[in-house]
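Chain by chain, the residues run as shown.
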Amino acid sequence: MIIAIDGPAASGKGTLGKRLARHYGYRHLDTGVIYRAVAKSLMDAGADLNDEMLAVSAALELDPEKFGNPALKTQAVGAAASVVSAIPQVRQVLLSFQRRFAEDPPGAVLDGRDIGTVICPNADVKIFVVADARVRARRRTLEAKARGEEADEAAVLEDILRRDERDQNRAIAPLKPAADAFLLDNSNLDIEGGVRAAIAIVEAVRASRGSS
Ligand code: DC
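This one's a predicted model, so the numbers in the text were calculated from it and none came from an experiment. (Residues numbered from 1 in each chain as written. Predicted model: local features only at pLDDT ≥ 70, side-chain atom pairs only at ≥ 80, totals over all residues. Heavy atoms only, no water.)

Please give an account of helix α2 (residues 32-44) that cites residues and values.
Compared with the 18 Å implied by 1.5 Å per residue over 13 residues, the 18 Å span of α2 between its first and last C-alpha is a close match. Within α2 the residues assigned to the buried category are Val33, Ile34, Tyr35, Arg36, Ala37, Val38, Ala39, Lys40 and Leu42. As for α2, its buried residues are in contact with β2 (27-30), α3 (52-60), α4 (75-84), α5 (88-103), α7 (133-146) and α8 (153-169). Positive phi appears at glycine 46, one or two residues downstream of α2, with a value of about 70°. (Helix = DSSP H or I, 4+ residues; strand = E, 2+ residues; numbered from the N terminus. Expected span 1.5 Å × (residues − 1). Buried < 20%, exposed > 50% of the residue type's maximum accessible area, 1.4 Å probe, protein only. Contact = heavy atoms within 4.5 Å.)

Dropping the structure here:
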């Protein structure tokens, strides 16, 4: 079984992905981390984020062992990831890695922007998570402060809105719900409420297919 979770920055899709994977005993891939890793390697090299050749070679040299690096979590790296992820060749290089991850047994949960539309269009369950931008900004600000980073909620909100705009309007694999995705509005749900809602969606799909 493949579960695809897409949604805008800070909508809570990563947490939902992790919890769903744990619930069903599947593997989990936060695909944002891949684009963040490419962006970080350009930033470390002092390179232009629009340098296609360098971005592609960074994508080809990705080391999944480093995906847990906490330095990938910052707002600055997220914003840079939004820029490099609009480069078509970068997305092309990263496509097969994501598909291979999705197809390995026993099942997988992938979260990102284009999982249900491009990476796994045949996913068994597709969930599109939305949340009010102000709620997302508040959550991101609290997370950043908990990591000891400086964070101003108004600036985080601006960054989130800029990122939404870029991710939704890029020419390749823009952020949008797949036609067969279930919408989950996470604005007024706490983590447990969101997890319950996501499990209910998965169970409804399984029941409709006659598998328990
Ligand atoms: O989910 P995130 O904040 O970690 O993602 C960082 C950026 O990476 C996001 O703004 C756009 C890009 N991204 C993407 O284009 N496709 C994905 N499947 C995941 C992330």
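Can you explain the nonpolar core? Please cite residues and give values.
Counting 31 residues, the largest nonpolar core has Val38, Val90, Leu94, Leu110, Ile115 and Cys120 as its most contacted members. Counting only elements with at least two residues in this core, the list comes to β1 (2-6), α2, α3, α4, α5, β3 (108-112) and α6 (115-119). If one sorts the elements of this core by residue count, α2 sits on top with seven residues. In this structure, valine 38 is in contact with Ala55, Ala58, Ala59, Leu62, Val84 and Leu94, ignoring residues within four places of it in sequence. Among the nonpolar cores identified, the runner-up in size contains 18 residues, and Val109, Ile127, Leu184 and Ile199 belong to it. (Core = buried A, V, L, I, M, F, W, Y, C linked by side-chain atoms within 4.5 Å.)

So what's going on with the pairing of β3? Residues and values would help.
In terms of residue burial, β3 counts as a mostly covered element, since five of its five residues are buried. Neither face of β3 is open: one carries Ala108, Leu110 and Gly112, the other Val109 and Asp111, and all of them are buried. Alignment of β1 against β3, held across five bridges, turns out to be parallel. Looking across to β3, one finds that isoleucine 2 is bridged to alanine 108. Note: β2 against β3, four bridges, orientation parallel. (Pairing = 2+ DSSP bridges.)

How would you sum up helix α1 (residues 13-24)? Please name residues and give values.
Over its 12 residues, α1 runs 16 Å from end to end, which matches the ideal 16 Å to within 8%, given 1.5 Å per residue. When we look at burial in α1, the residues that qualify are Lys13, Leu16, Gly17, Leu20, Ala21 and Tyr24. Looking down the long axis of α1, one finds its buried residues gathered within 130° of arc, a one-sided arrangement. Of the exposed residues in α1, the ones pointing more than 90 degrees away from its buried face are Lys18 and Arg22. Along its buried surface, α1 packs onto β1, β2, β3, β4 (125-130), β5 (182-185) and α9 (191-208). One or two steps after α1, the chain reaches glycine 25, where phi turns positive at roughly 70°. (Arc of directions from axis to C-beta.)

Residues and numbers for the site of the ligand, please.
The environment of the ligand is made up of 15 residues, and the closest members are Arg36, Arg91, Arg163, Asp167 and Arg170. One nitrogen or oxygen atom from the side chain of threonine 31 is found 2.9 Å from a nitrogen atom belonging to the ligand. Take serine 85: an N or O atom from its side chain is 3.3 Å from an oxygen atom of the ligand. Considered on its own, the ligand offers 450 Å² of accessible surface; in the complex 97% of this is hidden by protein. (Near = heavy atom within 4 Å. Polar contact = N/O pair within 3.5 Å; in protein donor to acceptor, adjacent residues only side chain to side chain. Areas by Shrake-Rupley, 256 points an atom, 1.4 Å probe, with all protein chains shown as cover.)

Explain the side chain of serine 187 residue by residue, including any values.
With respect to the element layout, serine 187 can be found in the loop between β5 and α9. By relative accessible area, which is 16% here, serine 187 ends up buried. Polar contacts involving the side chain of serine 187 include one to the side chain of aspartate 185, which spans 2.7 Å. Ignoring anything within four residues of it in the chain, the contact list for serine 187 reads Val130, Ala131, Asp132, Val135 and Arg139.

Describe in detail unusual backbone geometry, supporting the description with residues and values.
Across the junction of proline 105 and proline 106, the peptide omega takes the value 5°, indicating a cis bond. You will see that alanine 10, though not glycine, has its phi angle at about 65°, which is positive. In this fold, alanine 10 is placed in the loop between β1 and α1. Here alanine 10 falls in the buried class, since its relative accessible area comes to 8%. Look at alanine 173: it is not a glycine, yet its phi comes out positive at around 45°. Residue placement: alanine 173 occurs in the loop between α8 and β5. Residue classification places alanine 173 among the buried positions, given a relative accessible area of 12%.

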